[in-house]
Amino acid sequence: MTGAAAGEAPVICVDGPSGAGKGTLAQSLADTLSWNLLDSGALYRVVGLACLSGGVPLDQAQQVAVVARSLDVTFQPGAEGVSVWLSGADVTREIRSEEGGISASTVAALPEVREALLLRQRELARLPGLVADGRDMGTVVFPSADLKIFLTASAEARAERRYHQLQGRGESVNLARLLAAIIERDARDESRSASPLVPADDAIVLDSTALSAGEVLSRVCELVSARAIMGEASEKRLDSAEASRQ
Ligand code: DC
């Protein structure tokens, strides 16, 4: 392992706007390497939900920060991906609604909330390594990460992917409305003063507009190999995943 100091967990950051494929990439990369996974967006979504169900107004920064600090949240890996639990209740589906996304984006704009979640996120950098998915993983939370990917795609491609995802879940959706919501959310995430959505100076920007999820994973695995940031066991897993894709 060359990128991280001995005993320190290596970190790979996957940042970028909604719908670029970060979640899919981060999950498949964590699976391939058998590393831990941080879905930081889920943390902001859970804060939004906890406030709504506890009657805390989303614009009251101090009160929202108290909720963020005392959050009883757990992530449980399972056959269908990671499920998210808030105070003993499975909220995986609830936090993924469009409304959940809007509440998350609102509380994520509050510096007090970002500060409250900082330590909780850094604590997840444990051996053998962490794949961290979010917006400010490479700029703020893990500035000395071993590899930083900024995954992007055109707003139209992201709206279309979301459209098919929601349709597949049996939800009734309107493409034009989804596109407008994505553009509005991007503007809010990019223009906020606290940890705006921008690539870190040392991030590798990858445009997934014309790439399949498998192609994105292959490119990132090549970068991971080239940086030699893994322990021997993770390296073997990466080699065998590469061999089975060929
Ligand atoms: O990735 P996601 O759609 O689950 O994120 C939900 C919201 O949280 C999104 O509006 C951006 C915000 N977010 C953030 O500000 N910082 C992060 N590290 C992760 C998400």
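This text goes with the structure placed above it.
The rules behind the values
Residues numbered from 1 in each chain as written. Predicted model: local features only at pLDDT ≥ 70, side-chain atom pairs only at ≥ 80, totals over all residues. Heavy atoms only, no water. Helix = DSSP H or I, 4+ residues; strand = E, 2+ residues; numbered from the N terminus. Expected span 1.5 Å × (residues − 1). Buried < 20%, exposed > 50% of the residue type's maximum accessible area, 1.4 Å probe, protein only. Arc of directions from axis to C-beta. Pairing = 2+ DSSP bridges. Axes fitted to C-alpha atoms, helices over the stretch in contact; angles between N-to-C directions. Contact = heavy atoms within 4.5 Å. Near = heavy atom within 4 Å. Polar contact = N/O pair within 3.5 Å; in protein donor to acceptor, adjacent residues only side chain to side chain. Areas by Shrake-Rupley, 256 points an atom, 1.4 Å probe, with all protein chains shown as cover. Nonpolar A, V, L, I, M, F, W, Y, C, P; charged D, E, K, R; others polar.

Draft legend 1. A look at helix α9 (residues 213–227). Helix length check: α9 (15 residues) gives 21 Å between terminal C-alpha atoms against 21 Å at 1.5 Å per residue, within 8%. Among the residues making up α9, those that are buried are Val216, Leu217, Val220, Cys221 and Val224. Buried residues along α9 cover an arc of 135° about the axis, so they all sit on one side. Exposed residues pointing more than 90 degrees away from the buried face of α9 are listed as Glu222 and Ala226. Two residues or fewer past α9, Ala228 is found with a positive phi of approximately 50°.

Draft legend 2. Spotlight on the pairing of strand β7 (residues 147–152). The element β7 is extensively covered by neighbouring structure, given that five of its six residues are classed as buried. Where strand β1 (residues 11–15) lies against β7, four bridges are found, and the strand directions are parallel. When the bridges of β7 are listed, Val14 appears paired with Ile149. Of the pairings in the sheet, the one linking β7 to strand β8 (residues 204–207) comprises four bridges and is parallel in character. Of the residues in β8, the one forming a bridge with Ile149 is Ile204.

Draft legend 3. Structural view of the sheet that holds strand β6 (residues 130–134). Taken together, the five strands give an open sheet; going across it, the order is β2-β6-β1-β7-β8, and neighbouring strands pair in parallel fashion. Each edge of the open sheet is held by one strand with a lone partner, namely β2 (36–39) and β8. Between one strand axis and the next, the sheet turns through 20° on average, direction left out of account. Sitting on the sheet, α9 is in contact with β1, β7 and β8, with an inclination near 160° to β7.

Draft legend 4. Expanded view of the site of the ligand. With respect to spatial proximity, 16 residues lie near the ligand, and among them Arg45, Arg114, Arg135, Asp136 and Arg192 are the closest. Asp136 has a polar side-chain atom sitting 2.9 Å from a nitrogen atom of the ligand. Take Asp189: an N or O atom from its side chain is 3.3 Å from an oxygen atom of the ligand. Here the ligand, which alone exposes 450 Å², has 95% of that area covered by the protein. Within the residue set of the shell around the ligand, elements represented by two or more residues are α2 (40–54), α4 (98–108) and α8 (175–191). Broken down by element, the shell around the ligand gets its largest block of residues, four residues, from α2. Grouping the constituent residues of the shell around the ligand by class yields four nonpolar, four polar and eight charged.

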